[in-house]
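# Tertiary structure, described
What follows is the residue order along each chain.
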Amino acid sequence: MIFYLIMMLVILQRLTEVVIAKRNERWMRSQGAYEVGASHYPYMVTMHISFFLFLMIEVVTNNNGVSPLFPLFFILFLAVQALRIWCIRSLGNFWNTKILILPDTQVVRKGPYAYMRHPNYAVVCLEILLLPLMFQAYFTAFCFTLLNITMLSVRIPIEEQALRDATNYNHVFQKKISES
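Residues numbered from 1 in each chain as written. Predicted model: local features only at pLDDT ≥ 70, side-chain atom pairs only at ≥ 80, totals over all residues. Heavy atoms only, no water.

## Here we look at the overall build of the protein chain
Defined as follows: We count a stretch as a helix when DSSP gives it H or I for four or more residues in a row; a strand needs E for two or more, and each element gets its number in order from the N terminus. Based on C-alpha atoms, the radius of gyration is set beside the globule rule, defined as 2.2 Å times the residue count to the power 0.38. Exposure categories follow from relative accessible area, calculated using a 1.4 Å probe and restricted to protein chains: below 20% of the type maximum is buried, above 50% is exposed, and the middle band is partly exposed. Pairs of residues are marked as contacts when any of their non-hydrogen atoms sit within 4.5 Å. Areas reported as accessible are Shrake-Rupley estimates using a 1.4 Å probe. Residue values count occlusion only from the protein chains shown. A residue counts as positive if it is Lys or Arg and as negative if it is Asp or Glu; His and the chain ends are not included. The location of each charge is read from NZ of Lys, CZ of Arg, CG of Asp or CD of Glu.
Each helix and strand counted, the protein chain has 6 helices and 2 strands in total. Listing the helices and strands of the protein chain from first to last along the sequence gives α-β-α-α-β-α-α-α. Since a compact globule built from 180 residues should have a radius of gyration of about 16 Å, the 17 Å found for the protein chain is in line with a globular shape. With the C-alpha coordinates aligned to their principal axes, the bounding extent of the protein chain is approximately 50 × 35 × 25 Å. Put simply, the protein chain has 180 residues, and 45% of those count as buried. Looking at the protein chain alone, contacts between residues at least 24 apart form 85% of all its contacts between residues at least 6 apart. For the protein chain, the computed accessible surface area is about 10,100 Å², with 69% contributed by carbon and sulfur atoms. One finds the centroid of the 15 positive side-chain charges in the protein chain at a distance of 5 Å from the centroid of its 10 negative side-chain charges.

Quick look at the structure:
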């Protein structure tokens, strides 16, 4: 029962994020933004949908129940969700599931982005690990962690190159490195 409740809430959260992303995309494009990395985006969407399907299938067919470490994993999962919301709120209209670049814009350096380059990707990595572990879906946790790492190894370099080419990204991060 707890599995279905958590899954419904997470899926509802994802659908809400799609609405936010679409709204932000319309605004960014109206300001002159363009998309990079569009060729890998359908694969990323497919991976995320497949993650939920595989998770549901594994949990239902294995019938292992909740993990003995469920309370710990759940608390960590809630913390990750709080970080997700912080990421979305910090980026405001710039948050999106696509890589949209608004030329000559100042890179957002507030919230979790003041401490790391890609906190939203860290959120996704942790979620892909924690959600299956809560319900002992080890196959899903392992496979989709590897798939996500593969996806990010394509996505992050494309995003960073586009940001370097069109924004103050290099300046901000060069300054951050020299302050350390």
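## Section: the environment of Leu-78
Within the secondary structure, Leu-78 is located in helix H3 (residues 70-91). Put simply, Leu-78 and Met-44 are 34 residues apart on the chain and 23 Å apart in space, counted from C-alpha to C-alpha.

## Remarks on the packing of aromatic side chains
How we decide: Only rings of Phe, Tyr and Trp enter the pairing, Trp through its six-membered ring, and a pair is recorded when the two centres are within 6.5 Å. The plane angle decides the type: under 30 degrees is stacked, over 60 is edge-to-face, the rest tilted.
By the definition in use, this model includes 8 aromatic pairs. Residues Trp-27 and Phe-94 carry aromatic rings whose centres are separated by 5.6 Å and whose planes lie at 85 degrees to one another, so their mutual orientation is edge-to-face. With Trp-27 in helix H1 (residues 2-30) and Phe-94 in the loop between H3 and strand E2 (99-101), the pair connects residues that are 67 residues apart, well separated along the chain. Among the residues examined, Trp-27 registers a relative accessible area of 30% and is labelled partly exposed. Exposure remark for Phe-94: the relative accessible area of 29% places this residue in the partly exposed category. Each ring, one from Phe-51 and one from Phe-144, has its centre 5.7 Å from the other, and the planes form 70 degrees; the classification is edge-to-face.

## Comments concerning a nonpolar patch on the surface
For clarity, the threshold we go by: To count toward a patch, a residue needs a relative accessible area above 30% and no salt bridge. Like charges then connect within 9 Å, nonpolar side chains (Val, Leu, Ile, Met, Phe, Trp, Tyr) within 5 Å. Salt bridge criterion: a side-chain nitrogen from Lys or Arg within 4 Å of a carboxyl oxygen from Asp or Glu.
On the surface, a nonpolar cluster with roughly 570 Å² of combined accessible area is contributed by Val-45, Ile-49, Leu-53, Phe-54, Ile-57 and Phe-139. Examining the composition of the nonpolar patch, we find that 5 residues originate from one element, helix H2 (residues 41-62), more than from any other. Note that Phe-54 resides in helix H2. Under the relative-accessibility criterion, Phe-54 is labelled partly exposed at 42%.

## Concerning the layout of surface pockets
Filter applied, for reference: A pocket, in this scheme, is an open set of points on a 1 Å grid over the protein atoms alone with protein on both sides within 12 Å along at least 5 of 7 lines, while a cavity is a set where a 1.4 Å probe fits but cannot get out; residues line either one if an atom lies within 4 Å of a point. Grid points are joined across faces, edges and corners, and a volume is the space filled by probe spheres set on the points. Residues are sorted three ways: Asp, Glu, Lys and Arg are charged, Ala, Val, Leu, Ile, Met, Phe, Trp, Tyr, Cys and Pro are nonpolar, and all the rest, Gly among them, are polar.
As a volume, the largest pocket reaches approximately 1,200 Å³. Along the wall of the largest pocket there are 50 residues; nearest its centre are Trp-95, Asn-96, Thr-97, Asn-120 and Arg-155. Elements represented by at least two residues in the lining of the largest pocket include exactly H1, H2, H3, E2, helix H4 (119-134), helix H5 (138-166) and helix H6 (169-179). Among the elements that line the lining of the largest pocket, the one with the most residues is H1, at 9 residues. Across the lining of the largest pocket, the residue classes break down as 30 nonpolar, 9 polar and 11 charged.

## Here we look at the packing of H2 against H4
How we decide: Working convention: axes come from line fits to C-alpha atoms, limited for helices to the stretch in contact. Angles between N-to-C directions cover 0 to 180 degrees. Geometric relationships in this document are graded by angle, where less than 35 degrees denotes roughly parallel, more than 145 denotes roughly antiparallel, 65 to 115 denotes roughly perpendicular, and other angles denote oblique. A crossing counts as left-handed when the near helix is turned anticlockwise from the far one by less than a right angle, and as right-handed when that turn is clockwise.
Running from N to C, H2 and H4 cross one another at 15 degrees; their axes reach a closest spacing of 11 Å. One element, H2, and the other, H4, form an angle in the roughly parallel class. Helix-helix and strand crossings are classified by hand; for H2 and H4 the assignment is left-handed. Together, Met-47, His-48, Phe-51, Phe-52 and Leu-55 of H2 and Val-124, Glu-127, Ile-128, Leu-131 and Pro-132 of H4 make up the contact between the two elements.

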